[in-house]
Amino acid sequence: MAKRFNITGLCVPQKHYMADLSSRVAAVRRMIEEGSYFVINRARQYGKTTMLHALADALAEEYAVIWMDFQSLGNAAYQDEYTFSISFVSCFIKGAGLFSRGMEKNEKALRRLRETEEKRPKDFDLQKLFCLLQQFCELSEKPAVMMIDEADSASDNQIFLDFLAQLRSFYLEREAAGTVTFQSVILASVYDIRNLKRKIRRDEYHKTNSPWNIAAKFKVDMSFHKSEIAGMLKEYEKDWHTGMNLDEMAGMIYDDTSGYPYLVSALCKLLDEDISEVYGGKKTAWTREGFFLAERMMLAEKDTLFDSLTGKLADEPQLNGMLKNLLFTGTAIAYNPDIPAVDIAEMFGFIKNQNGTAVMANRIFETRLYNYYLSSADMQNMDIYKASLRDKNQFIIGGHLNMRRVLEKFVEHFQELYHGCSDSFIEDTGRRLFLLYLRPIINGTGNYYIEAQTRDLCRTDVIVDYGGEQFVIEMKIWHGTEYHKRGEKQLTEYLDAYHLKKGYLLSFNFNKKKQTGVWEKRIGDKVLIEASV
């Protein structure tokens, strides 16, 4: 049976094309050998479950691995301490058999747990549960490693906090008295188990002090590097012989996903299946044009990951406001995990820390958020959006986008609609208005993203892909002639990086004697189409 790209649940090397996890498994194994208890805390669909399975398989020869999924317990398991403790025993016994190389020797260690599962003594509680777990660890033929996936599915429950407190005692007893307990305990979750305040109901903040303060920091990078994506594509290429440019394709996938595992696999799956069907074969699918089409399809389709992300915006007004500022105004936001909006934005995968500044985590999420905000009823009710809908048929000639004409019409409508507005309105809203005007024109056929390296209060570069062509548009706030000249030079250098001869510059000018309109300027071998409003 041929391998495929997988985006639903666990990835299995024998069935799926995967990035090589060996270096990550080795790094986590070192933490286990050191006896660490820790949390693999990453955003949704970041490969946590696949990592745990790969790790468990690698450890099975030397350790007694117990792999558990707390989602399988169900809500009823948390109604009281007795129910949770009995449910845990059943889950533990099942988990001890999943990676059972040599575990048949552990029947003696499991005997008391099996008896408890069968008899269900009425006085069974967490204390008795941990007595059984300690007996298991003492009798086990190998050092025991317990892995709990989806640990945060229970983290808004006091019983779960009590369970963590018992694990903490286990760890401290091992360190202080040499008691035989688990060699390592690994929790996998989206929410940071060390700080549960995001999962606690607002009327129960007394629960926010997590007892999981003995956890070691988990520093393993779980995103895929370009070389790892290339390795996965190389394996695919051995099977299908598409003739793709491996380095180029891996680079494009990495540039737009920043190695987010789900996004990498989702793009590859679209190319392998949907785009191959559209283009009539895999050889024509794995090209630049095929990649841009796959990206547009990803951005346009319903997806549980994107639905989950946008759902958080309604639940967290501070997060929503911060992301709007980051996207549309170019406001620099210092990375400070003590700020609630920054903390939750990173936890859910919206942002990352780049040299002390909070930046969008990847272009796919960024563009999806732009589309989300620009598609709101308030945005689409704005006059500039309505003008774009009226104008959009005049910009595509023979399948090519006339970007100069886009700028000319935008300037015309901007002057008509917003010439009397305050400088602060234009500075806060100008770039948003251009993207709002641009989106209906390229929607369905083209795509755009904001170049993170050039986004700031004064300058933002928009990269537009349309029909296989790329357009670089620099949007900037006017800060005088000398600054403008530096901006022109920067744009020409940026065009070199994209191997383009023509670029576009849109200035929002607050000078009362400003010149508005669109004109052409040549600098060296580059042609700049400049617009000013």
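Basis of the calculations
Throughout, residues of each chain are indexed from 1 in the direction in which the sequence is written. Owing to the predicted nature of the model, reporting of local features is limited to residues with pLDDT of at least 70; listing and counting of side-chain atom pairs is limited to 80 or more, with chain, interface and lining totals taken over all residues. Side-chain measures here rest on the full set of heavy atoms in the structure, leaving out hydrogens and waters. Segments assigned H or I by DSSP are reported as helices when at least four residues long, segments assigned E as strands when at least two residues long, and all are numbered from the N terminus. Type-normalised accessible area, obtained with a 1.4 Å probe on protein chains alone, sets the label of each residue: buried when under 20%, exposed when over 50%, and partly exposed for intermediate values. Should any heavy atoms of two residues lie within 4.5 Å, those residues are counted as being in contact. Salt bridge, as applied in this entry: a Lys or Arg side-chain nitrogen positioned within 4 Å of an Asp or Glu carboxyl oxygen. Any pair of nitrogen or oxygen atoms within 3.5 Å is treated as a polar contact; in protein, a donor-acceptor pairing is required on top of that, and neighbouring residues in sequence qualify only through side-chain atoms on both sides. Two strands qualify as a pair provided DSSP detects at least 2 bridges between them. All axes here are fitted lines through C-alpha atoms, helices being fitted over the stretch that makes contact, and every angle between N-to-C directions spans 0 to 180 degrees. The span expected for a helix works out to 1.5 Å for each residue beyond the first. Whether two aromatic rings pair depends on their centres lying within 6.5 Å, for rings of Phe, Tyr and Trp, where Trp uses its six-membered ring; planes under 30 degrees apart make the pair stacked, over 60 edge-to-face, and the rest tilted. Comment: the charge-over-ring label is applied if NZ (Lys) or CZ (Arg) is within 6 Å of the ring centre and within 35 degrees of the ring normal. Note on angle classes: values under 35 degrees are labelled roughly parallel, values over 145 roughly antiparallel, values of 65 to 115 roughly perpendicular, and the remainder oblique. Helix crossings get a hand from a simple test, with the near helix turned counterclockwise from the far one by less than a right angle marking a left-handed crossing and a clockwise turn marking a right-handed one. In this classification, the charged set is Asp, Glu, Lys and Arg, the nonpolar set is Ala, Val, Leu, Ile, Met, Phe, Trp, Tyr, Cys and Pro, and all remaining amino acids, among them Gly, are polar.

## Some words on the side chain of Thr-83
Moving on, step 1. Topologically, Thr-83 is positioned in helix H3 (residues 81-96).
Moving on, step 2. In this structure Thr-83 comes out as buried when scored by relative accessible area, which is 18%.
Moving on, step 3. When residues no more than four places from it in sequence are discounted, the contact partners of Thr-83 are Ala-76 and Ala-77.

## Describing the pattern of salt bridges
Moving on, step 1. Here the structure, examined in full by the defined rule, presents 21 salt bridges.
Moving on, step 2. Across the salt bridge formed by Glu-33 and Arg-29, the nearest N and O atoms sit 3.4 Å from each other. With Glu-33 and Arg-29 both in helix H1 (residues 22-33) and four residues apart, this pair spans about one turn of that helix.
Moving on, step 3. A relative accessible area of 45% means that Glu-33 is categorised as partly exposed.
Moving on, step 4. The shortest N-O distance in the salt bridge between Lys-282 and Asp-272 comes to 2.6 Å. Of this pair, Lys-282 sits in helix H10 (residues 282-285) while Asp-272 sits in helix H9 (residues 261-279); the two residues are 10 residues apart in sequence, bridging distant segments of the chain.
Moving on, step 5. Take Lys-282: its relative accessible area is 21%, and that puts it in the partly exposed class.
Moving on, step 6. Take Asp-272: its relative accessible area is 9%, and that puts it in the buried class.

## Description of the side chain of Asn-6
Moving on, step 1. Here Asn-6 is to be found in the segment before H1.
Moving on, step 2. Within the structure, Asn-6 has its side chain in polar contact with the backbone oxygen of Leu-10 (distance 3.0 Å).
Moving on, step 3. Setting aside anything within four residues of it in sequence, one finds Asn-6 in contact with Cys-11, His-16 and Ser-265.

## Notes on unusual backbone geometry
Moving on, step 1. The backbone of Gln-45 sits at a positive phi, close to 55°, despite the residue not being glycine.
Moving on, step 2. Following the sequence through the fold, Gln-45 ends up in the loop between strand S1 (37-41) and helix H2 (48-59).
Moving on, step 3. Under the relative-accessibility criterion, Gln-45 is labelled partly exposed at 23%.

## Things to note about the sheet that holds strand S2 (residues 64-69)
Strand pairing in a sheet is mediated by backbone hydrogen bonds. Such pairs are either parallel or antiparallel.
Moving on, step 1. Reading across the sheet, the four strands line up as S1-S4-S3-S2 and stay open at both edges, with parallel pairing between neighbours. Edge positions in the sheet fall to S1 and S2, since each has one partner strand and no second. On average, adjacent strands in this sheet sit at an angle of 15° to one another, irrespective of strand direction.
Moving on, step 2. In this structure, S1 lies alongside strand S4 (residues 184-189), joined through five bridges in parallel fashion. When the bridges of S4 are listed, Asn-41 appears paired with Ser-189.

## As for helix H18 (residues 403-418)
Moving on, step 1. The terminal C-alpha atoms of H18 lie 21 Å apart, and with 16 residues this matches the ideal 22 Å at 1.5 Å per residue to within 8%.
Moving on, step 2. Every buried residue belonging to H18 is among Met-403, Val-406, Leu-407, Lys-409, Phe-410, Val-411, His-413, Phe-414 and Tyr-418, and all of these are buried.

## Topic: the packing of aromatic side chains
Moving on, step 1. In this structure the tally under the stated criterion is 40 aromatic pairs.
Moving on, step 2. Each ring, one from Phe-5 and one from Tyr-236, has its centre 5.3 Å from the other, and the planes form 35°; the classification is tilted. A residue pair is termed long-range when its members are at least 10 positions apart, and Phe-5 in the segment before H1 and Tyr-236 in helix H7 (residues 226-240) qualify at 231 residues.
Moving on, step 3. Judged by its relative accessible area of 0%, Phe-5 falls in the buried class.
Moving on, step 4. Residue Tyr-236 is classed as buried on the basis of its relative accessible area of 0%.
Moving on, step 5. Considering the side-chain rings of Phe-5 and Trp-286, the 6.3 Å spacing of their centres and the 40° angle between planes classify their relative orientation as tilted. With a gap of 281 residues between them, Phe-5 in the segment before H1 and Trp-286 in the loop between H10 and helix H11 (288-300) connect regions that are remote in the sequence.
Moving on, step 6. Taken together through their ring pairs, the aromatic side chains of Phe-70, Tyr-78, Phe-84, Phe-88, Phe-92, Phe-130, Phe-136, Phe-160, Phe-163, Phe-170 and Phe-182 make up a single cluster.
Moving on, step 7. Note that Lys-312 overlies the ring of Phe-348, its terminal NZ or CZ placed 4.8 Å from the centroid.
Moving on, step 8. Seen from the ring of Phe-328, Arg-432 lies directly overhead, with NZ or CZ sitting 4.6 Å from the centre.

## A look at the packing of H7 against H9
Moving on, step 1. For the pair H7 and H9, the least separation of the axes is 12 Å and the interaxial angle reads 25°. By the angle between their axes, H7 is roughly parallel relative to H9. Remark: the crossing between H7 and H9 carries right-handed chirality. Counting all contacts with H7, which are made through Ile-229, Met-232, Leu-233 and Tyr-236, the residues of H9 involved are Val-264, Cys-268 and Asp-272.
Moving on, step 2. The residue inventory of the contact of H7 with H9, partitioned by class, reads six nonpolar, no polar and one charged.

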